[in-house]
Amino acid sequence: LLGPGDEPIVLGVTTPEVPVRVPTTRRYLMCPPEHFTVEYAINPWMDPTRPISTELALAQWTELKETYERLGHRVEVIEPVPGLPDMVFSANSGTVIEGRVLGARFRAEQRAAEADHFRRWFLANGYSTVVMPERTNEAEGDFTWTGKYLLAGTGFRTDPLAHSEAQEVLGVPVISLQLVDPRYYHLDVALFVLADDLIAYYPDAFSPGSRQALRRLFPDAVIANAEDAACLGLNAVSDGRHVILPVEATNLGEQVARRGFEPVYVDISELRKSGGGPKCCTMELRD
Ligand code: ARG
């Protein structure tokens, strides 16, 4: 019998536990899209005949940068270079883990010169270990650090031999994943890390074997749907609590909210015309 003040015991009902997500302060490297345009096509999103507003791209980029700053993160800025319209996608130019830098080697000749501008930025900003890769390597476009493994994409850009190179240079275990859909030509448009050992991904972007490997490694992963992927919703950035993602990715936003994260939506429509989203514009400096 219940006495006064006793809580009734309800049998058979369990409330699913939503963990409290704690953000950690990050340091990012970004490049303003002052020279942004689409004048060549190296992925299916790019159509050089479509008009581009550099001004709108810059406004959206500024909003993204200010969002990070409002959340307490530090943003470093590298000077954009005329004639390198894709330099805004700073994530493609370096993989930094524990202060060691593995630079980039672009597949497309139009982007090749970006790699050295970033190499020089690293050297001018106190990084002593800066290794430039031998093999085609589009850095955080195809490499994602989970805190334990370096997930590594291949199929369209980064050479699979760059995966073992990354393991040797960075000294972290690398897991190779095969991308199969040309719209999702980089790993960072198909998968992102929410928190240590927790990822979100779009299964159809991966080969059957890679999909199975992801399922084994991350049985609790958030599974994105086709709409989330098609607005580049997987090109998201998490600080462990806040998840910055494109405003159209509402299903993904609701899903991460159910796991205790806080979706923060940004409009990146102009940069998407080049095949990029929030994450492409954001290299994480893990010092
Ligand atoms: N236009 C660029 C390219 O095709 C977009 C790169 C986007 N970056 C990314 N990390 N997915 O190379």
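Residues numbered from 1 in each chain as written. Predicted model: local features only at pLDDT ≥ 70, side-chain atom pairs only at ≥ 80, totals over all residues.

Per an unreviewed UniProt entry, the protein goes by the name N-dimethylarginine dimethylaminohydrolase and belongs to Saccharothrix australiensis.

A tally of regular secondary structure across the protein gives seven helices and 15 strands. For 287 residues, the compact-globule estimate of 2.2 N^0.38 gives 19 Å, and the protein sits close to it at 20 Å. Every one of the 287 residues in the protein was classed for burial, and the buried ones make up 43%. Considering only contacts in the protein between residues 6 or more positions apart, those separated by 24 or more positions represent 66%. (Helix = DSSP H or I, 4+ residues; strand = E, 2+ residues; numbered from the N terminus. Rg over C-alpha atoms; globule rule 2.2 N^0.38 Å. Buried ≥ 20, exposed ≤ 12 C-beta atoms within 10 Å, placed from the backbone. Contact = placed C-beta atoms within 7 Å.)

Its identity is not glycine, yet Glu 98 carries a phi of approximately 50°, on the positive side. Looking at where Glu 98 falls in the secondary structure, it is placed in the loop between strand E3 (95–97) and strand E4 (100–102). Given 11 C-beta atoms within a 10 Å radius, Glu 98 is considered exposed. Non-glycine residue Leu 232 carries a positive phi angle of around 60°. You can see Leu 232 is positioned in the loop between helix H5 (226–230) and strand E12 (237–238). Using a count of 27 C-beta atoms within 10 Å as the deciding quantity, one classes Leu 232 as buried.

The next point concerns the sheet that holds E4. Taking strand neighbours across the sheet as the criterion, the three strands line up as E3-E4-E5 in an open arrangement whose pairing is mixed. Only two strands of the sheet have a single neighbouring strand rather than two, namely E3 and strand E5 (130–131). Strands in contact with helix H3 (residues 160–170) are E3, E4 and E5; relative to E4, the strand with the most contacts, it is inclined by about 160°. (Pairing = 2+ DSSP bridges. Axes fitted to C-alpha atoms, helices over the stretch in contact; angles between N-to-C directions.)

This part is about the nonpolar core. Ala 190, Leu 194, Ala 200 and Leu 234 are the most contacted members of the largest nonpolar core, which totals 74 residues. A per-element tally of this core places strand E9 (residues 191–195) first, with five residues. If near-sequence neighbours (up to four positions away) are discounted, Ala 190 is found in contact with Leu 179, Tyr 184, Tyr 201, Tyr 202, Ala 205, Phe 206 and Leu 234. (Core = buried A, V, L, I, M, F, W, Y, C linked by C-beta atoms within 7 Å.)

So, on to H3. Of all the residues in H3, the buried ones are Ala 162, His 163, Glu 165, Ala 166, Val 169 and Leu 170. One side of H3 carries all its buried residues, which in axial view fall inside an arc of 165°. Elements in contact with the buried residues of H3: E3, E4, E5, strand E6 (143–145), strand E7 (150–154) and strand E8 (174–178). Once H3 ends, the next one or two residues include Gly 171, with phi positive near 65°. (Arc of directions from axis to C-beta.)

Another aspect to go through is the environment of Glu 134. Take Glu 134: it is sitting in the loop between E5 and E6. In the structure, Glu 134 is positioned 31 residues away from Glu 165 in sequence and 8.1 Å away in space, judged by C-alpha atoms.

Before going further, it helps to examine the pairing of strand E14 (residues 262–266). By the bridge criterion, five bridges tie strand E13 (residues 242–246) to E14 in an arrangement that is parallel. The residue bridging Leu 245 from the neighbouring strand is Tyr 265, located in E14. Once the chain exits E13 it traverses helix H6 (residues 250–258) before rejoining the sheet at E14, and the crossover so formed is right-handed. (Right-handed = clockwise from strand over helix to strand, strands pointing away.)

Our focus in this paragraph is the sheet that holds strand E11 (residues 222–223). The strand order across the open sheet formed by three strands is E9-E10-E11, and the pairing between neighbours is mixed. Each of the sheet's edge strands pairs with one partner strand only, and the pair in question is E9 and E11. Examined bridge by bridge, strand E10 (residues 198–201) and E11 share two bridges and lie parallel to one another. Directly across from Ala 200, in E11, lies its bridge partner Val 222.

In the predicted model, the protein carries a mean pLDDT of 96, and 95% of its residues have values of at least 70. In the predicted complex, the global pTM is 0.94; the interface-specific ipTM is 0.97. (pLDDT = per-residue confidence, 0-100.)

This part is about H6. Each α-helix turn comprises 3.6 residues. Residues three or four places apart therefore point the same way. By the burial criterion, the buried members of H6 are Leu 252, Gly 253 and Val 256. Viewed end-on, H6 has its buried residues packed into an arc of 100°, placing them on one side of the element. Exposed residues lying more than 90 degrees from the buried face of H6 are Glu 254 and Arg 258. For H6, the secondary structure elements touched by its buried residues are E9, E10, E11, H5, E13 and E14.

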